[in-house]
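# Close look at the chain arrangement
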Amino acid sequence: MDSKLAIAKSEPIWNTNVRVISIIAGLIILLFALPLFGMNSFYLHLFIMIFMHAVMAQSWNVIAGFSGQISLGHGAFFGIGAYATSFFYMEYGVTPWISIFFGMLVSAIFAVLIGIPMLRLSGHYFAIATLLIGISFQVVFQRWDLVGAASGLWVTMTPEDSWSALQFHSSKAPYYYVFLIFFLITFFLVWLLSRSKLGYRLRAVRDDPQAALSLCINVSNYKIIAYVISAIIMAPMGSLFAQYILIIDPDRVFNIEISIIVLLITVLGGIGNVWGPIIGAAILVPISEYSRIYLGGTGGAVDLIFYGLILMIICIFKPNGLISFVPKDILERKKQR
Amino acid sequence: MKILTVENLSKSFGGIHANRDISFDVEEGSILGVIGPNGAGKSTLFDLITGFTKADTGKVKFFDKDIFGISPDKISNLGVGRTFQKLKPFADQTLLENVMIGAFVKEKDIKRARDRALEIIDFVDLIEKRHHFAKELSTGQRKRLEMARAMAIDPKLLLMDEVTGGVDQKTIPGLVELVKKLKKTGVTIITIEHNINIIMEISDNVLALDQGKRIALGEPKEIQNNKQVIDAYLGTFDAA
């Protein structure tokens, strides 16, 4: 018996699959190299949108996939991030690099304020409550004159490209790299989170709150922590998006569609899995962008029909998302017998 | 030394008295068996002690600390572990991960939490199943998982709800042996059990409940011959 225990203890805590690590490293290098091969601005835009949506979906994955709370109002944190950078830049000339952190801070504060009462609600009730909160943010910003009300904020454009103002007019490549770096940092941090004590405890809260309580886990606090982390991940995407398009208004950055799309991406890719949002974004974002090109403004909602179809197929045949197509021996939690 | 003191604990749901004025105490290092027919209030009593359900009135003391009305996570943090009648494994996680979640209470470092979890999994004889998902384990194995997970928080007092409930006859002796082995580690145990033979075999004292009330408390032999207990189990015949 002792020897079996000794063998078990000598196992590495995580399987490190050299092949998988090299593939990931290769992909990262490729992503950094891509713009050097003269990608046209459409492809740069496509990749920027994939990076952005992958991070947004990852944000939703932390609250829904890790801690089991379905939020339907996550767009609110995206909007807060967008308004924080634009507002402070235009009013006080604060560089977006700093106001990104304002956005994160304000989002975190709202996550605590919303989370304390709302996370007492369970299941569907929490989902409905967050849906209403998401909509109410849009309504408030539509009427708030300080931030431009319904017409929103038109970010003052710099005469030329500027890293300090985070504005690039001559090429999308700098945006590409900024989004790519945020994407990589976010995924690395969430990957660390999933392997940390906190990650274990959040999964416990998700799988069985009562059992979690019996293991000294303060379930409400952990839900709030997950919600705050999730909000902090979402806000910078709003900030960067605002700098990318330079015009923000409540209909765009507080749109309910944002909250829905992060859900679709995550569920498609694989909820509760760090890789799920990447896979989901890499598939859904191109569908959305191409349908917009080929079907134009009139076909604006056609991508949603596609999403709906794909999601139905996934839910029926692969409820764990596309990640479940990845062979088991590559996944981290492989069984050793 | 008394590890747990319960005084006049009561709880009603609507008009139903689930627990009425229940009092007892438990000596450190002993096993208290709790018996009673279905609906006697055994599981409710566990929920009241561990804070999962708020009692209406009464007193609960863990050593000298008043734990009445405290939240379940705080009570478990003081050293009160529990298992559930309706098993609650973290189904989509491996046995090792399940136990590690408990082990994190004592060990902050992931490697040490892992090693501690492995030792406990070895203690409950499931070391070969450590990488199996909880949903793949048999009921008996999942009972062991719950015991291991509760032990991982290093409890002074362990409440076990129906260790042998719902498992086949062949599995029962192993689980009973495990409870005895557990007692040897010094942990105090309160266990709900339907199988009277097992209760008599393992318990130092037995608490009998019926319709939410304590009807007897004493050593197994006394309880076996207690008229009220026999009546509660077999029913009485009222010659009107």
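Above this text sits the structure in question.
In short, a report on the structure. (Residues numbered from 1 in each chain as written. Chains lettered and ligands numbered in written order. Predicted model: local features only at pLDDT ≥ 70, side-chain atom pairs only at ≥ 80, totals over all residues.)

## Re the pairing of strand 2 (residues 16–27) of chain B
Residues and elements named next belong to chain B. With 8 bridges connecting them, strand 1 (residues 2–13) and strand 2 associate as antiparallel partners. Within the sheet, the bridge partner assigned to Ser12 lies in strand 2 and is His17. The antiparallel pairing of strand 1 with strand 2 creates a hairpin that spans 2 residues between the two strands, and Gly14 there sits at a positive phi of about 60°. (Pairing = 2+ DSSP bridges. Helix = DSSP H or I, 4+ residues; strand = E, 2+ residues; numbered from the N terminus.)

## Some words on the packing of helix 3 (residues 41–66) of chain A against helix 7 (residues 173–195) of chain A
All names here are of chain A. Running from N to C, helix 3 and helix 7 point in directions that differ by 25°, and their axes come no closer than 9 Å. Taken together, helix 3 and helix 7 sit at an angle that is classed as roughly parallel. Relative to helix 7, helix 3 is oriented so that their crossing is left-handed. Of helix 7, the residues touching helix 3 (which contributes Leu44, Phe47, Ile48, Phe51, Met52, Ala54, Val55, Gln58 and Val62) are Ala173, Tyr175, Tyr176, Phe179, Leu180, Phe182, Phe183, Thr186, Phe187 and Val190. (Axes fitted to C-alpha atoms, helices over the stretch in contact; angles between N-to-C directions. Parallel < 35°, antiparallel > 145°, perpendicular 65-115°, else oblique. Left-handed = near helix turned anticlockwise from the far one by under 90°. Contact = placed C-beta atoms within 7 Å.)

## A closer look at helix 10 (residues 219–245) of chain A
In an α-helix, one turn spans 3.6 residues; hence positions three or four apart end up facing the same way. Residues and elements named next belong to chain A. Helix length check: helix 10 (27 residues) gives 39 Å between terminal C-alpha atoms against 39 Å at 1.5 Å per residue, within 8%. Among the 27 residues that make up helix 10, 24 are buried, leaving the element largely enclosed by the rest of the structure. Looking one or two residues past helix 10, Leu246 carries a phi angle of roughly 65°, positive in sign. (Expected span 1.5 Å × (residues − 1). Buried ≥ 20, exposed ≤ 12 C-beta atoms within 10 Å, placed from the backbone.)

## Observations regarding the environment of Lys180 of chain B
Residue and element names in this part refer to chain B. Position of Lys180 relative to the elements: it lies in helix 6 (residues 172–184). Given 13 C-beta atoms within 10 Å, Lys180 falls into the partly exposed group. Distance in space between the C-alpha atoms of Lys180 and Ile31 is 9.2 Å, their sequence separation being 149 residues.

## Observations regarding the interface of chain B and chain A
Size of an interface, as often reported, equals the accessible area lost when the parts are brought together. Each partner contributes residues to the interface: chain B has 36 residues there, and chain A has 24 residues. The biggest single contributor to the side of chain B that touches chain A is helix 4 (residues 110–123) of chain B, with 7 residues. When its residues are assigned to classes, the side of chain B that touches chain A shows 13 nonpolar, 9 polar and 14 charged. (Nonpolar A, V, L, I, M, F, W, Y, C, P; charged D, E, K, R; others polar.)

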